[in-house]
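One letter stands for each residue in the lines below.
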Amino acid sequence: MSPPLRDDTKQVKKDFVSRIKNLKTRLRKSRNLLSDGLTRIMRGGGDKARILEEIDELLVGADIGVRTSAHIVEQVSSSGISLNEQTVREAIREEIVGILSLENVPEIDTTTRPHIVMVVGVNGTGKTTTIAKLARRLTGEGKKVLLAASDTFRAAAIEQLEIWAGRVGADIVKHKMGADAASVAYDAVSAAIARDVDTVIIDTAGRLQTKKNLMDEVAKIGRVTAKLVESSPHEVLLVLDATTGQNAISQARAFSETCGVTGLVVAKLDGTAKGGIVVAIAREFGIPILYIGTGETAEDLEPFDAEVFADALLT
Amino acid sequence: MFSELSEKLENALKRIRGHGKISEKNVTEALKDVRLALLEADVNYKVVKQFTEDVKVKALGEQVLTSISPGQQFVKVVFEELRDIMGEGASEITFASDPPTKIMVVGLQGSGKTTACAKIARRFKSKGRKGLLIAADIYRPAAVQQLETLAREVPVDVYYEQEQANPVDIVKRGLKEARKRAVDYVITDTAGRLHIDSEMMEELRQIKATMSPHETILVADGMTGQDAVTIATEFGSTLGLDGVILTKMDGDERGGAALSIRAVSGAPIKYVGVGEKLDALEVFHPERMASRILGMGDVLTLVEKAQDTMDVKEAERLQEKLLKEAFSLEDFLGQIKQMKKMGPLEDIVGMIPGFSKMKGIDLDEGALVRVEAIISSMTPQERVDPDLIDGSRRRRIAMGSGARVQDVNRLLKDFRQVRKLFSQMNKGKLSGMLRSLMG
């Protein structure tokens, strides 16, 4: 006998109530370290070299990375501002906003129907939950959404997506566990064309970026959809876990090379991790951050805003 | 594992290794590079600070400066500090004297708890232990199905409940069931949660109070950044941790979490997850890990892996055959299959001392698959006596294995060379041959 598929409405309701807190309140928990650290450093006094060194450590401690932290400190140092808490905070904030506000990001054509979005990432970053949230946004706008259960590897991944599809009001195309991921995607896109669907979102299995054969598989999924809809997938979203450290850089690099990532989603920003690594990624690869995940319910997805993000880090 | 950290540390140490004399200046310099390497590997900055200070004090101490090869001595200090920061020896889960041994598995969302539960069960299963898993994640959609599917693969039974029940009650009834079945161990898989979610952390406290586990294990993602210490500290202060399992350690993760978590929480790292298969769980040995990080290889793990997968008698038989030039393609195929059982080539090579640098090279796992296909397309006679294989047989084999005739030719040529090499070794001609090769 198999265990029951649960879809507890009570839980959903409870989640709905808990989500009525705004982003800032939720991010407040995660910003104390950096913000308080800055206050402590500036009040501690001392010479410029010591202050800059401690700021550098603080930024590294927020996962911003050694190189990007050094760059930010260098900018602050050479700006010639007087070193007091407010000016330093403002200078760092401006630098981060500058890095995150990417220019020359190619426009994505969203007019083609069906619009095809593929979601990729390493294991356990929150791909399936992110897909549910994206689908909820789109169905909320009155769009017709179809989910492709191309994670045919992980135990119960299909069931997980199916429950979400039911909750957010999206269609789903699935095969059995162990089926060929690319053929699920192919069937899903075919079905989307037949059913006049607006957006197809393809869920893929988590894979470590160093596993060559698995990376080839994800590239193949992309190639297969292009056979049905020209220049698709239109978007390839890489989901990063906010708690991930410098490894996220290698993830961004590998997935970009393999399947042309068009945007990032940072999941699990409701914890104490600040997701500082995206600053380094934006600086190094110029990939835009599109959304941030801030909780476990289908509504907890917010469009990324560089200013808000920097504020959440620093104020 | 740790490839990047390893490379950077090796570079930092290389400069000081050969020095006949070391001064405060070159120690400070080397430590600067060590510091950077550790920070880029996500080791918590506070841990890094402590680490470099400790190394410096020891390195500038009498013993290092006055030793015959201070450079080497310095490397030894770094090795010992690394080892000590990661723990005191291997620390596996032990079975309690009053069964069942109760294990509770906790962690953030997506850290790999459910897979870790199944991997532990598989490990115990191979030791002939009987167990029960309790599915206490009632929140994530299809979490119970995931545990159930993995458990079937182990195989081990799962206790779950049809009706919506609270996890504390599920655990209570699951334990009762475990006692009734007189199992050796029971593992509770809890829902992923944030360490700052007070309501959910309270639930864990209640589960722990109900279960009174012998081992409370935190499962942490090996790719976690600076936040690893906060996570470990929070779970530790709420629940008290007996050990940690680091997961996803088969990528190019920097592994800083391995160094930080133990240093901050004091809880030993018991196992590391090194792959998606259920047997991809290794016991964590701080000493061997320190050795691997510093590019000194890990012969012990390699030998253990070989012993786990190879049959000693079979190996002796092969050696005999090799030396008598009776080694056939059939034996060769057997060897390839055993190699593959030991795990990814890259991991194996990384354990050989001095070979850590080869890690960058693209080891072609596919070549093994092609060779396997070619040999599998030969008749048993052809495998024993490759001289039988003429032009038309070559074409047939190529067709059958999806390879090109050239590939078949190359394989046959390589095989003959290897066979010749070994028979000459036996006849004591090897030194002459090596001379001519190096010519």
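This is a predicted model, so every value here is computed, not measured.

## What to know about the overall build of chain B
Argument step 1. What chain B contains, in helices and strands, is 21 helices and eight strands.
Argument step 2. Counting only residues that meet the buried cut, chain B has 52% of its 439 residues in that class.
Argument step 3. Within chain B, contacts between residues separated by at least 24 positions form 74% of all contacts whose residues are at least 6 apart in sequence.

## Here's the deal with the overall build of chain A
Argument step 1. Helices and strands together make up the secondary structure of chain A, namely 12 helices and eight strands.
Argument step 2. Excluding contacts between residues fewer than 6 apart, the proportion of contacts in chain A whose partners are at least 24 apart in sequence is 76%.
Argument step 3. Accessible surface, chain A as shown: approximately 12900 Å² in total, 50% of it carbon and sulfur.

## Focus on the side chain of B:E215
Residue and element names in this part refer to chain B.
Argument step 1. The residue E215 is located in strand 5 (residues 215–221) in this model.
Argument step 2. Of the polar contacts made by the side chain of E215, one reaches the side chain of K270; its length is 2.8 Å.
Argument step 3. Apart from residues lying up to four places away in sequence, E215 is in contact with I93, T94, K102, I103, M104, D242 and K270.

## Quick look at helix 10 (residues 247–259) of chain A
Residues and elements named next belong to chain A.
Argument step 1. Here helix 10 is 13 residues long and its end C-alpha atoms lie 18 Å apart, about the 18 Å a rise of 1.5 Å per residue gives.
Argument step 2. Among the residues making up helix 10, those that are buried are N247, A248, I249, S250, Q251, A252, A254, F255 and C259.
Argument step 3. Against strand 1 (115–120), helix 9 (212–228), strand 5 (235–241) and helix 11 (277–285) lie the buried residues of helix 10.
Argument step 4. G260 lies just past helix 10 and shows a positive phi near 55°.

## Concerning the sheet that holds strand 7 (residues 289–293) of chain A
Residue and element names in this part refer to chain A.
Argument step 1. With respect to topology, eight strands assemble into an open sheet ordered 3-2-4-1-5-6-7-8, the strand pairing being mixed. At either margin of the open sheet sits one strand with a lone partner, and together these are strand 3 (171–173) and strand 8 (301–303). The average undirected angle you get between the axes of adjacent strands in this sheet is 25°.
Argument step 2. Note that strand 7 and strand 8 share three bridges and pair antiparallel.

## Re the environment of B:V274
Argument step 1. Within the secondary structure layout, B:V274 lies in the loop between strand 7 (269–273) and strand 8 (281–283).
Argument step 2. Sequence-wise, B:V274 and B:R410 are 136 residues apart; in three dimensions their C-alpha atoms are separated by 34 Å.

## Some points on the interface of chain A and chain B
How large an interface is tends to be reported as the accessible area lost when its parts come together.
Argument step 1. With 49 residues of chain A at the interface, the matching set in chain B holds 44 residues.
Argument step 2. Of the roughly 4300 Å² buried where chain A meets chain B, counting both sides, 54% is carbon and sulfur surface.
Argument step 3. There are two salt bridges connecting chain A and chain B.
Argument step 4. B:D250 is the salt-bridge partner of A:K211, the closest N and O atoms lying 2.8 Å from each other.
Argument step 5. Viewed at the interface, chain B and chain A are joined by 11 residue pairs in polar contact (both at pLDDT 80 or more).
Argument step 6. Secondary-structure elements contributing two or more residues to the side of chain A that touches chain B are helix 1 (9–18), helix 3 (48–61), helix 4 (66–78), helix 7 (157–168) and helix 10 of chain A.
Argument step 7. Among the elements that make up the side of chain A that touches chain B, the one with the highest residue count is helix 7 of chain A (five residues).
Argument step 8. Tallied by class, the residues present in the side of chain A that touches chain B amount to 17 nonpolar, 18 polar and 14 charged.

What counts and what doesn't
- Residues numbered from 1 in each chain as written.
- Chains lettered and ligands numbered in written order.
- Predicted model: local features only at pLDDT ≥ 70, side-chain atom pairs only at ≥ 80, totals over all residues.
- Heavy atoms only, no water.
- Helix = DSSP H or I, 4+ residues; strand = E, 2+ residues; numbered from the N terminus.
- Buried < 20%, exposed > 50% of the residue type's maximum accessible area, 1.4 Å probe, protein only.
- Contact = heavy atoms within 4.5 Å.
- Areas by Shrake-Rupley, 256 points an atom, 1.4 Å probe, with all protein chains shown as cover.
- Polar contact = N/O pair within 3.5 Å; in protein donor to acceptor, adjacent residues only side chain to side chain.
- Expected span 1.5 Å × (residues − 1).
- Pairing = 2+ DSSP bridges.
- Axes fitted to C-alpha atoms, helices over the stretch in contact; angles between N-to-C directions.
- Buried area = accessible area lost by both parts, 1.4 Å probe.
- Salt bridge = Lys/Arg side-chain N within 4 Å of Asp/Glu carboxyl O.
- Nonpolar A, V, L, I, M, F, W, Y, C, P; charged D, E, K, R; others polar.

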